[in-house]
Amino acid sequence: MLTLKQYQEDCLDKLAEYLRGVAHEERSDTPFASITRRDYLSSTLPEKLRGVPYICLRVPTGGGKTLIAAHAVSVITKELIRLERSVVLWLAPSRTIVQQTIKALQDPHHPYRQALDEKLEGRVEVLSLADALHVTRATLDGATTIVVSTIQALRVEETDGRKVYEQNGALQHHFTGLTAEQEARLERHEGDGPVESLANVLRLRRPIIIVDEAHNARTGLSFETLDRLRPSCIVEFTATPDQKDNPSNVLHHVSALQLKAEHMVKLPIKLVNRPQWREAVQAALGQQRSLEEAAQEEEKATGEYIRPIVLFQAEANRGDDSVTVDVLKKALAEEFDVPKEQIAVSTGNTAELDDDLLTRDSDVRYIITVQKLREGWDCPFAYILCSVANLSSTTAVEQILGRVLRLPKAKLKNDEALNRAYAFATSQRFHAAAKALTDALVESGFERFEAQTLIERGATLSDDVTGGLFNQSDDEETVVETFSAPPNTDAIPEEVRPHLRVEASLTEGEPVKVTYTGPPLSRETTVALQKAFTADEDREAADRLGRRTRGESTSPVALGKPFTVPRLAIRVDGLLEIFEDQFRDAPWKLSDQNCSLSETEFAVNTRTSRVGEIDIDDDRGRFSIRELHEHLTLIDAGGPQSETELAVWLDRQIPHPDVLIADSTLFFRKLVQSLTEERGIPLDALVASRFRLRDAAENKVDAHRRKVFDDAFQQVIGGTSDAGVEVDPSIAFSFLLKDYPAHRLYDGHIEFKKHYYTMPGDMNGEEAECATLLDGLEETLYWVRNIERHPRCSFYLPTSSDNFYPDFLAVLRDGRVLCVEYKGAHLLTSEDTQEKRMVGELWEARSGGSCLFRLVGKDDMEASIRSAVRS
């Protein structure tokens, strides 16, 4: 099974956290607000949908939305439906995508189906809407059943839609033995019983609704359609959720930086603008040749085959001067000598693309389109977008840009040129082209402030690709830098001299001001300019000047500055290793622990059973979590039939990799026995509430585990165990030079000068105040906003329960490292905070003076940090 990326796990974790909150608090809005710090929006929904959990997971193009959705089915079934199986209505944006989705979900070797089978014990059925019109009750009772359709096909004005709501004799057996309360929830014939329709079968089963590309399904008509099916929840997956007319409730958003860090996409995008379309085409062809040479070397080194492809965006036929598909194809063949077998056209009228683009049998290297390629088309070999239209707007660019972003095999290549995408634009000004490309990235699901950091000026490409260092179409830049001494005039590159103005102060020791006004400096020219200065700090300033003319970052990481932090280490068998979870190796027996669940830990209403009644609100339809669970319990045909089976079921449902199966089985048998014998709870009541029982039992096991681990952890850090805790420079963490996978970037009004990366990760107002203090300290060389839950990319210290990721780390000018954890006033005295303080202070104490740790709040933040750096 395909291993999930960290950001994909984060999406599912947030979804599980939200649904657990919904089940616990019996409402949809409060858990959402608690997680996101935003209001839950439902005013535009039909009244009966307003209580339904209706949220969105925002994943940019190339992030694997469908794989996340496949995993989400089991998460929702476990955390919200709370049965072994569920009914899922999977809505795709078009018939083409429906067919692709059905094929993938039915294929036992496909990662989507494997995700379903692994979590749902292989009991999964995948049906088309036509198949669902004949689905049996036994199928729905025995397996999680996924019906794949478009939302359009469910509308009553469509032929397929009429069949969904019409009387259907093949479904009659689904409606036998229903209680009056169940029938009351169904659509009925006038003056008669319920309509025996697929729509009513779905209403009975309270379907999970998965909406792919959800921005296409947020209209009043769509909401009415969803409302008729009485869903248990609706989860949207899209790169571009509606944020204006009918705004989605975005529970979690994946950033472009997270995709880049997991090697899912080719970023950044190098943009080259040319005033004439033939020049743009020539530059794109040159780039393709360069990439193909790099790909051949890559194959020699790794065995991976890549054939870089250019996507050309032609103009629609609007007159004699239009660069149409035919004009562009003719130019490629006759003016640029491109073999005809290497060119393919994909438009509404012409479809020359085969499905073998990724094989060696294909010769295609150049694809010409106008607005978009066919739905579902995906080719990671597409590296270059070249638009012969004037990129002064996003006209159809967003439809094509996403096609050049996917990185082949989601694996970093040896040659950095193969890890990025390229865009060649026909435009008189670079900034106009860059804005259009930024807009297109936003349409692909990226935030605007992060999209702007993902576009690089392509002046750094080789001259044979770009047409030379200085080009008339390049925008002139004015950049000012300060130096400690003036440059050696004779050593300044000849082509740079007319653009450089040096203003030396008459006062000795005063900085020298150097102003450059001209086109972007290539890296080669910047290196030559650096040689005109003697001091290292001045050569670094010259590097910054060159980078700024190219619109590149001048952050410490861009300049190659190291950021290394000593770790907390532990000596095991005489060898030093990172202190992580060694203390969890301590032996323990679950069956020796208390197995009783109190009324507070697990309460059950013994009057509720499989043959109970459901309370119905006066309006017969307002969403209720309690009613949902009671309703689904009535149609639950499965479940354990004895105390032993219930204990085995709990054992299978609750993960315990650190406990032997014989030990866990004994514990769960004793737990069930205590509930039936000591508390007198009937078995059928336990079975009906078994998912709440699972949660309570899991909490009990976790509490015992935490106590054992906490005792072992205290022994290690307290020095009472044989293992010794140390801080040694040989065991250190280094922040990565290329990846900073922030979930969101800071978009506040403060402009930070010393952050290690171009932009810091997201911060709340008080955290931003702390960052401002660090940024302004004279003692700070540079600092970083540390990212949670990214052990490959972030610094952490161990605690008894998990890893602790401090908010900020700073390299001081004297070489020491300062670690700062900020806490709001309501958290300063919690047990978790006190444990973090103890671990941080231990890290400082064992560092021999090379590390500082401060846990601060709003009141003592400034005094504590200033005294630390000046100590």
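A quick note: this is a predicted structure, and the numbers were derived from the prediction, not measured.

### Notes on the overall build of the protein
Part 1 of the reasoning: Within the protein, the regular secondary structure consists of 28 helices and 26 strands.
Part 2 of the reasoning: For 871 residues, the compact-globule estimate of 2.2 N^0.38 gives 29 Å, and the C-alpha radius of gyration of the protein, at 31 Å, lies within 12% of that figure.
Part 3 of the reasoning: Dimensions of the protein, computed from the C-alpha atoms along their principal axes, are close to 95 × 80 × 50 Å.
Part 4 of the reasoning: For the protein, the residues scored as buried account for 56% of the 871 residues in total.
Part 5 of the reasoning: Intrachain contacts of the protein at a sequence separation of at least 6 include 73% that bridge at least 24 residues.

### Details of the environment of leucine 745
Part 1 of the reasoning: Take leucine 745: it is sitting in the loop between strand S20 (724–734) and helix H26 (765–776).
Part 2 of the reasoning: Placed 298 residues apart in sequence, leucine 745 and glutamate 447 show a C-alpha to C-alpha distance of 9.1 Å.
Part 3 of the reasoning: If near-sequence neighbours (up to four positions away) are discounted, leucine 745 is found in contact with Leu257, Phe449, Glu450, Tyr740, Met759, Pro760, Gly761 and Asp762.

### A closer look at the confidence of the model for the protein
Part 1 of the reasoning: Considering every residue of the protein, the mean pLDDT works out to 88; 92% of them sit at 70 or more.
Part 2 of the reasoning: Considering each helix and strand of the protein separately, the mean pLDDT is smallest for helix H18 (residues 463–466), with a value of 36, and largest for strand S24 (residues 808–812), with 98.
Part 3 of the reasoning: pLDDT under 50 marks residues 459–474. Its contacts with residues more than four places away, or in other chains, come to 45 contacts.

### Examining the sheet that holds strand S18 (residues 564–572)
Part 1 of the reasoning: Taken in spatial order, the three strands of this open sheet run S19-S18-S20, and their pairing is antiparallel. Of all strands in the sheet, those with a lone pairing partner are strand S19 (575–578) and S20, marking the two edges. Neighbour-to-neighbour, the strand axes of the sheet open up by a mean angle of 45°, direction not taken into account.
Part 2 of the reasoning: In this structure, S18 lies alongside S20, joined through seven bridges in antiparallel fashion. Across the sheet, the residue bridging to isoleucine 570 is valine 725, located in S20.
Part 3 of the reasoning: The sheet strands contacting helix H27 (residues 831–845) are S18 and S20, and the helix crosses S18 at an angle near 95°.

### Here we look at the pattern of salt bridges
Part 1 of the reasoning: Across all of its chains, the model carries 56 salt bridges by this definition.
Part 2 of the reasoning: We note a salt bridge from arginine 548 to glutamate 481, for which the minimum N-O separation is 3.1 Å. Placement of the pair is arginine 548 in helix H20 (residues 536–549) and glutamate 481 in strand S15 (residues 477–483), with a sequence separation of 67 residues.
Part 3 of the reasoning: By relative accessible area, which is 8% here, glutamate 481 ends up buried.
Part 4 of the reasoning: Between glutamate 599 and arginine 679 there is a salt bridge; the shortest N-O distance is 2.7 Å. Note that glutamate 599 is positioned in the loop between S19 and helix H21 (625–634) and arginine 679 in the loop between helix H23 (661–678) and helix H24 (683–688), a separation of 80 residues in sequence.

### Things to note about helix H13 (residues 277–302)
Part 1 of the reasoning: Taking 1.5 Å per residue, 26 residues should reach 38 Å; H13 reaches 36 Å between its end C-alpha atoms and fits that length.
Part 2 of the reasoning: Residue glycine 303 follows H13 closely and has a positive phi angle near 85°.

### Quick look at the side chain of threonine 324
Part 1 of the reasoning: Mapping threonine 324 onto the fold places it in the loop between strand S9 (309–313) and helix H14 (325–334).
Part 2 of the reasoning: Judged by its relative accessible area of 13%, threonine 324 is buried.
Part 3 of the reasoning: In this view, threonine 324 contacts Ala314, Glu315, Ala316 and Asn317; residues no more than four positions away in its chain are not counted.

### Here's the deal with the sheet that holds strand S16 (residues 500–503)
Either a parallel or an antiparallel arrangement is found when strands of a sheet pair, and the pairing is made through backbone hydrogen bonds.
Part 1 of the reasoning: Strand order in the open sheet formed by three strands is S15-S17-S16, and the pairing between neighbours is antiparallel. If you trace the sheet from one side to the other, it starts and ends with S15 and S16, each paired once. With strand direction ignored, the average angle separating the axes of adjacent strands in the sheet is 15°.
Part 2 of the reasoning: Of the strand pairs in this sheet, S16 and strand S17 (residues 512–518) are connected by four bridges, and their pairing is antiparallel. The residue bridging leucine 500 from the neighbouring strand is tyrosine 516, located in S17.
Part 3 of the reasoning: Packing of H20 onto the sheet brings it into contact with S15 and S17, and relative to S15 it is tilted by some 170°.

### Considering the pairing of strand S6 (residues 233–238)
Part 1 of the reasoning: Most of S6 is tucked away: six of the six residues are buried.
Part 2 of the reasoning: Of the pairings in the sheet, the one linking strand S1 (residues 54–58) to S6 comprises five bridges and is parallel in character. Considered in S6, the bridge of tyrosine 54 is made with isoleucine 234.
Part 3 of the reasoning: Of the strand pairs in this sheet, strand S5 (residues 208–212) and S6 are connected by five bridges, and their pairing is parallel.

### Considering H27
Part 1 of the reasoning: The terminal C-alpha atoms of H27, which comprises 15 residues, lie 21 Å apart, in line with the 21 Å expected from a rise of 1.5 Å per residue.
Part 2 of the reasoning: Taken together, the buried positions of H27 are occupied by Thr833, Glu835, Lys836, Val839, Gly840, Leu842 and Trp843.

### Let's talk about the pairing of S19
Part 1 of the reasoning: The pairing of S18 with S19 spans four bridges and is classified as antiparallel. Bridged to isoleucine 570 within S19 is glutamate 577.
Part 2 of the reasoning: Connecting S18 to the next strand, S19, in antiparallel fashion are two residues, including aspartate 573 with a positive phi near 55°.

### A look at the packing of aromatic side chains
Part 1 of the reasoning: All told, the structure shown has 25 aromatic pairs when counted by the stated rule.
Part 2 of the reasoning: When the ring of tyrosine 305 is compared with that of phenylalanine 381, the centres are 5.9 Å apart and the planes differ by 80°; the resulting orientation is edge-to-face. Of this pair, tyrosine 305 sits in the loop between H13 and S9 while phenylalanine 381 sits in the loop between strand S11 (366–369) and strand S12 (382–390), and the two are 76 residues apart along the sequence.
Part 3 of the reasoning: Every member of this aromatic cluster is reached through a ring pair, and the members are Phe563, Phe733, Phe735, Tyr740, Tyr756, Tyr757 and Tyr782.
Part 4 of the reasoning: Here the basic side chain of arginine 228 rests over the ring of tyrosine 165, its NZ or CZ set 3.9 Å away from the ring centre.

### A look at the nonpolar core
Grouped burial of nonpolar side chains is what soluble globular proteins tend to show.
Part 1 of the reasoning: Core analysis: the biggest nonpolar cluster contains 221 residues, and Ile76, Phe312, Leu328, Phe735 and Trp843 have the highest contact counts within it.
Part 2 of the reasoning: Of all the elements, helix H25 (residues 690–717) adds the most residues to this core, at 11 residues.
Part 3 of the reasoning: Each residue touching isoleucine 76, except ones within four places of it in the same chain, is listed here: Leu15, Leu19, Ile81, Ile208, Ile210, Cys233 and Val235.
Part 4 of the reasoning: Of all hydrophobic cores here, the second largest spans 22 residues; its members include Ala768, Leu773, Tyr822 and Val869.

### Focus on the state of the cysteines
Part 1 of the reasoning: All told, the structure shown has zero disulfides when counted by the stated rule.
Part 2 of the reasoning: Cysteine 56 forms no disulfide, and the closest cysteine sulfur to it belongs to cysteine 11, at a distance of 9.9 Å.
Part 3 of the reasoning: Cysteine 56 gets classed as buried once you look at its relative accessible area, which sits at 0%.
Part 4 of the reasoning: The thiol sulfur of cysteine 770 is not disulfide-bonded, and the nearest other cysteine sulfur, from cysteine 819, lies at 11 Å.

Cut-offs used in this document
- Residues numbered from 1 in each chain as written.
- Predicted model: local features only at pLDDT ≥ 70, side-chain atom pairs only at ≥ 80, totals over all residues.
- Heavy atoms only, no water.
- Helix = DSSP H or I, 4+ residues; strand = E, 2+ residues; numbered from the N terminus.
- Rg over C-alpha atoms; globule rule 2.2 N^0.38 Å.
- Buried < 20%, exposed > 50% of the residue type's maximum accessible area, 1.4 Å probe, protein only.
- Contact = heavy atoms within 4.5 Å.
- pLDDT = per-residue confidence, 0-100.
- Pairing = 2+ DSSP bridges.
- Axes fitted to C-alpha atoms, helices over the stretch in contact; angles between N-to-C directions.
- Salt bridge = Lys/Arg side-chain N within 4 Å of Asp/Glu carboxyl O.
- Expected span 1.5 Å × (residues − 1).
- Phe/Tyr/Trp six-rings, centres within 6.5 Å; stacked < 30°, edge-to-face > 60°.
- Lys NZ or Arg CZ within 6 Å of the ring centre and 35° of its normal.
- Core = buried A, V, L, I, M, F, W, Y, C linked by side-chain atoms within 4.5 Å.
- Disulfide = S-S within 2.5 Å.

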